[in-house]
Amino acid sequence: MTHPRGAESPPRHSVSVAGAVVRADGRLLAIRRADNGAWELPGGVLELEETPEEGVRREVLEETGIEVEVAELTGVYKNITVGVLAMVFRCKPSGGAERTSDESTAVQWLTPEEVSERMSEVYAIRLLDALDGNGPRVRSHDGRHLITVR
């Protein structure tokens, strides 16, 4: 079967969700990933049977031990290199206690300045977009750098 653009099969994407968890003092929840040591916001692949909000709550709790209330969508980010579409939701902590997991070697509450210092731009922007209140934003990147729209 031929599809638009002459492809043999339709393009396949993976959908991820992440929580931009903001504490009352303005600090943001971040994890250091166990697989590559990079600092990121907690999140992961959305399961077929769950809503985006359920996925965010599950992923944040699994990776950090923090329970959250999910608020608004603050951004949609596409990694054009690997076909991952990530939805980021602003959240507020509602319970639990920080702990690491099989997927995280550190869990910390960072200031916006620390986010910019520790995270690559494609992950830092997700947290900073959630703070600016001008969302939701739609951005694309190649896994390392944001791609600016011409």
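Look up: the structure comes first, before these words.
Report follows, based on the coordinates.

Definitions and cut-offs
- Residues numbered from 1 in each chain as written.
- Predicted model: local features only at pLDDT ≥ 70, side-chain atom pairs only at ≥ 80, totals over all residues.
- Heavy atoms only, no water.
- 1 Å grid on protein atoms, 1.4 Å probe; cavity = no way out; pocket = protein on both sides within 12 Å on 5 of 7 lines; lining within 4 Å.
- Points joined across faces, edges and corners; volume = space filled by probe spheres on them.
- Helix = DSSP H or I, 4+ residues; strand = E, 2+ residues; numbered from the N terminus.
- Nonpolar A, V, L, I, M, F, W, Y, C, P; charged D, E, K, R; others polar.
- Expected span 1.5 Å × (residues − 1).
- Buried < 20%, exposed > 50% of the residue type's maximum accessible area, 1.4 Å probe, protein only.
- Pairing = 2+ DSSP bridges.

Re the layout of surface pockets
The probe, sized like a water molecule, is rolled over the atoms to show the empty space still left.
Argument step 1. Taken as a whole, the largest pocket encloses approximately 440 Å³ of empty space.
Argument step 2. Surrounding the largest pocket, 22 residues form its lining, Arg 33, Glu 40, Gly 43, Gly 44 and Tyr 123 being those nearest its centre.
Argument step 3. Elements with a contribution of two residues or more to the lining of the largest pocket: strand 1 (14–21), strand 2 (28–33), strand 4 (43–45), strand 6 (84–96) and helix 3 (121–132).
Argument step 4. Class assignment for the residues of the lining of the largest pocket results in 10 nonpolar, 5 polar and 7 charged.

Thoughts on helix 3
Argument step 1. Between its terminal C-alpha atoms helix 3 stretches 16 Å, which fits the 16 Å expected from 12 residues at 1.5 Å a residue.
Argument step 2. Buried within helix 3 we find Val 122, Ala 124, Ile 125, Arg 126, Leu 127, Asp 129 and Ala 130.
Argument step 3. Looking one or two residues beyond helix 3, the residue adopting positive phi is Gly 133, at roughly 70 degrees.

Details of the sheet that holds strand 3 (residues 39–40)
Argument step 1. Pairing is antiparallel across the open sheet formed by 3 strands, whose spatial order is 3-2-7. Every other strand in the sheet has two partners, leaving strand 3 and strand 7 (104–110) as the edge strands with one partner each.
Argument step 2. Here strand 2 runs beside strand 7; their pairing, made up of 6 bridges, is antiparallel. Among the inter-strand pairings, Arg 33 is bridged to a residue of strand 7, identified as Ser 104.

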